[in-house]
Amino acid sequence: MKRLWLCGMMLALLTSCAGNMVIRPDYHPPLAADAPLATVPKLRVRLLDFLDRREPPTDASRVGRRESAGVASMVDVFSERAVSQVVRDAVWTELVRNGHRVVNSDEDVVIRGEVSRFWVGTETTGLAWDVSGEVSLSLRVTYPEPGSPTVIRSYVGKNVERTYLTPGKEIMTRPLARSLGDVMTSMSSDRELLAALRKHR
């Protein structure tokens, strides 16, 4: 509880400074039918804490920058929550919505995650701004049985949106959230991952 309070205070201090913007690049699953992940027999999944492996190392909640152009000043962009938590919650949501359970013990499978990219940035082209978001995630899947192989899969999502107005919170959020959504779609339809999960169920 004390650590969460300190993180909140630190984020409040960072984002209270001039030139900072706070966004919520959370995952919003589609309303469409279940993904191919739902065809895997129901699993009990232990989802460990994800690691922030972005390079160069940066603040856990810093996710981008809006460059200065014309009368618009440079702005550092922060997430309301740590990047590792945002991405882990996205994987949790995708597992549960496709019929699997996230547990603390007696698991069928253990999933670890590493985030190597989670960033939104801007480029100006004359009167327009191109806002680009990118997310890169690696998953490591292991099983309780001794000698079981480790399955490592990587996913990348990239999106660009053009605007003719100075990008605010909404447009700085969209390409990043869409990229996270693309990563979840890739994960949920990854044939090699699904085959590995079926084989070891």
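Check the entry above for the structure.
Residues numbered from 1 in each chain as written. Predicted model: local features only at pLDDT ≥ 70, side-chain atom pairs only at ≥ 80, totals over all residues. Heavy atoms only, no water.

**Student:** Explanation requested: the overall build of the protein chain in the structure shown.
**Tutor:** Along the backbone of the protein chain there are four helices and nine strands. By residue count, 42% of the 201 residues in the protein chain fall in the buried class. Sequence separation of at least 24 residues holds for 73% of the intrachain contacts in the protein chain that already meet a minimum separation of 6. Only carbon and sulfur atoms are counted for the fraction: they give 54% of the accessible area of the protein chain, which is about 11,200 Å². (Helix = DSSP H or I, 4+ residues; strand = E, 2+ residues; numbered from the N terminus. Buried < 20%, exposed > 50% of the residue type's maximum accessible area, 1.4 Å probe, protein only. Contact = heavy atoms within 4.5 Å. Areas by Shrake-Rupley, 256 points an atom, 1.4 Å probe, with all protein chains shown as cover.)

**Student:** Explanation requested: the environment of Val77 in the structure shown.
**Tutor:** Within the secondary structure, Val77 sits in strand β5 (residues 75–79). Classification of Val77 by relative accessible area gives buried; the value is 0%. Sequence separation between Val77 and Asn20 is 57 residues; the distance between their C-alpha atoms is 5.9 Å.

**Student:** Any chance you could explain the environment of Thr125 here in plain terms?
**Tutor:** If you trace the backbone, Thr125 turns up in strand β7 (residues 109–125). On a C-alpha basis, the gap between Thr125 and Arg162 in space is 9.7 Å, while along the polypeptide they are 37 residues apart. Here Arg162 takes part through its side chain, which lies 3.4 Å from a polar atom of the side chain of Thr125. (Polar contact = N/O pair within 3.5 Å; in protein donor to acceptor, adjacent residues only side chain to side chain.)

**Student:** I keep staring at the pairing of strand β8 (residues 128–142) and nothing clicks. Help me out?
**Tutor:** Across the 15 residues of β8, eleven count as buried, placing the element largely inside the fold. In the sheet, β7 pairs with β8 via 15 bridges, with the strands oriented antiparallel. Among the inter-strand pairings, Thr122 is bridged to a residue of β8, identified as Val131. In this structure, the hairpin formed by β7 and β8 is closed by a connection of two residues, where Gly126 is found at a positive phi of approximately 70°. As paired strands, β8 and strand β9 (residues 151–163) are joined by 13 bridges and run antiparallel to one another. Paired with Leu139 across the bridge in β9 is Arg153. (Pairing = 2+ DSSP bridges.)

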